[in-house]
Amino acid sequence: MLFGWKGTTHIMASANGVASLQGKRPLFSFGVIADVQYADIPDGHSFIGIPRYYRHSLLVLQRAVQKWNNHQKIKFVMNFGDIVDGHCPKDQSIDVVKEVVNEFEKFNGPVYHMIGNHCLYNLPRDKLLPLLNIPSIDGCAYYDFSPIPEYRFVVLDGYDISAIGWPQDHPNTLEALKILREKNPNTEKNSPDGLVGMDRRFLMYNGAVGKEQLEWLDGVLQDATKLKQKVVVCCHLPLDPGFTSREAILWNYDEVMDVIHCYNCVKVCLAGHDHQGGHSVDSHGIHHRVLEAALECPPGAAIISFFISDVRGKLLKNWEGSIIYLKNSGLGGGVDGNWKQHS
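These numbers were taken from a predicted model, which means no experiment stands behind them.

Caption draft 1: Molecular detail of the layout of surface pockets. Here the largest pocket defines a volume of roughly 360 Å³. What lines the largest pocket is a set of 22 residues, and nearest its centre among them are Ile161, Glu175, Val209, Gly210 and Lys211. Elements represented by at least two residues in the lining of the largest pocket include exactly helix H5 (171-183), helix H6 (211-226) and helix H7 (253-260). When residues in the lining of the largest pocket are grouped by element, the largest group, four residues, is from H6.

Caption draft 2: Here's a closer look at the sheet that holds strand E12 (residues 266-271). Taken in spatial order, the six strands of this open sheet run E9-E10-E11-E12-E14-E13, and their pairing is mixed. This sheet does not close on itself; its edge strands, each paired only once, are strand E9 (143-148) and strand E13 (278-281). Neighbouring strand axes in the sheet, compared pairwise and without regard to direction, differ in orientation by 20° on average. H6 contacts E9, strand E10 (151-155), strand E11 (230-235) and E12 of the sheet and is inclined by roughly 175° relative to E10.

Caption draft 3: Geometry of the packing of aromatic side chains. Taken as a whole and judged by the stated rule, the model has 15 aromatic pairs. Considering the side-chain rings of Phe30 and Phe76, the 5.1 Å spacing of their centres and the 10° angle between planes classify their relative orientation as stacked. Of the two residues, Phe30 sits in strand E4 (residues 28-33) while Phe76 sits in strand E7 (residues 74-79), which places them 46 residues apart along the sequence. Here Phe76 and Tyr112 contribute two aromatic rings whose centre-to-centre distance is 5.8 Å and whose plane-to-plane angle is 80°, an arrangement assigned as edge-to-face.

Caption draft 4: Quick look at the pattern of salt bridges. One pass over the structure, following the stated rule, counts nine salt bridges. The shortest N-O distance in the salt bridge between Asp223 and Arg152 comes to 2.6 Å. Here Asp223 is found in helix H6, whereas its partner Arg152 is found in strand E10, with 71 residues between them in sequence. Take Asp223: its relative accessible area is 33%, and that puts it in the partly exposed class. Residue Glu292 pairs with Arg289 through a salt bridge whose shortest N-O separation is 3.4 Å. Assigned by exposure class, Glu292 and Arg289 land together as buried.

Caption draft 5: Structural context of the environment of Leu270. Assignment of secondary structure puts Leu270 in strand E12. Each C-alpha atom, one on Leu270 and one on Cys235, is 6.5 Å from the other, the two residues being 35 residues apart in sequence. When sequence neighbours within four positions are dropped, the list of residues in contact with Leu270 reads Phe30, Phe80, Val232, Val233, Cys234, Cys235 and Arg289.

Caption draft 6: Summary view of helix H1 (residues 56-71). Here H1 spans 23 Å end to end across 16 residues, near enough to the 22 Å set by a 1.5 Å rise per residue. Residues His56, Ser57, Leu58, Val60, Leu61, Ala64, Val65, Trp68 and Asn69 constitute the buried set of H1. With its phi angle positive at about 70°, Gln72 sits one or two positions after the end of H1.

Scoring rules and cut-offs
Residues numbered from 1 in each chain as written. Predicted model: local features only at pLDDT ≥ 70, side-chain atom pairs only at ≥ 80, totals over all residues. Heavy atoms only, no water. 1 Å grid on protein atoms, 1.4 Å probe; cavity = no way out; pocket = protein on both sides within 12 Å on 5 of 7 lines; lining within 4 Å. Points joined across faces, edges and corners; volume = space filled by probe spheres on them. Helix = DSSP H or I, 4+ residues; strand = E, 2+ residues; numbered from the N terminus. Pairing = 2+ DSSP bridges. Axes fitted to C-alpha atoms, helices over the stretch in contact; angles between N-to-C directions. Contact = heavy atoms within 4.5 Å. Phe/Tyr/Trp six-rings, centres within 6.5 Å; stacked < 30°, edge-to-face > 60°. Salt bridge = Lys/Arg side-chain N within 4 Å of Asp/Glu carboxyl O. Buried < 20%, exposed > 50% of the residue type's maximum accessible area, 1.4 Å probe, protein only. Expected span 1.5 Å × (residues − 1).

Okay, structure coming up:
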């Protein structure tokens, strides 16, 4: 799977799956992948019946790294979280995380990780973040970086306020449990039964951005505006309900977007979590792209389930995504986070 930005970069798909680029030379290119969710267990299904290929997902990642390295001009790679699945036997969690991280490290350049709910099902933050080489203060997993002076990438911690990953007596856990009690009357807090509309997002496998992180985000965007940088905001959890399943969105997506909409520097928001993927444009013209899950790429389908992105001078002024199938094979999607599988 490749996606490009029309007007900035133009990716054309031919019948045989060969992609060609037209236009000026890009400022830089980067690779992304989401929801690998590897586990050494038999294949399974989501609650709604979408097949999940737990062992094969590692091959998908290996193929992605090979593709990125062969490209030779990929400046960095971003992993959008959930590199291991919640069904991974917990006595194997550390070794499996290390195994997947080792595959990422075969990329010939820097790799930037973010955390997802499946990561936190396997390991608490104090063990997980060092393995992912995520810079952290007090267990928080948000940060930013600039691959070139004109651009800044902001990585949000969508499980800052969360009932998973923090110690049970941590203030962030207690705040998350309070939100769930108020918003979700179900005994099973991963169940959306009876919840209507946007309230269906208040599930335990989702989370929120905390107050300190919102203040940090505001400061980063102020700084980016002064430096005349274009910004890409990245989070495991989607930030716009335009295309995303209601059950897969950040609890306080509205508060985050209120901060983002105060500035003109953010051009696109990228996310994972909602396995079917999608694209929407919000009321301020910001593009939101949710990446399809590597976990649901079928064996033998020869589908490229990762992305190469070329960035040019006008990032996402006009944008379109392309899914390139190398063979006529279907790829199912589904909401990440079905409650019966704690997904």
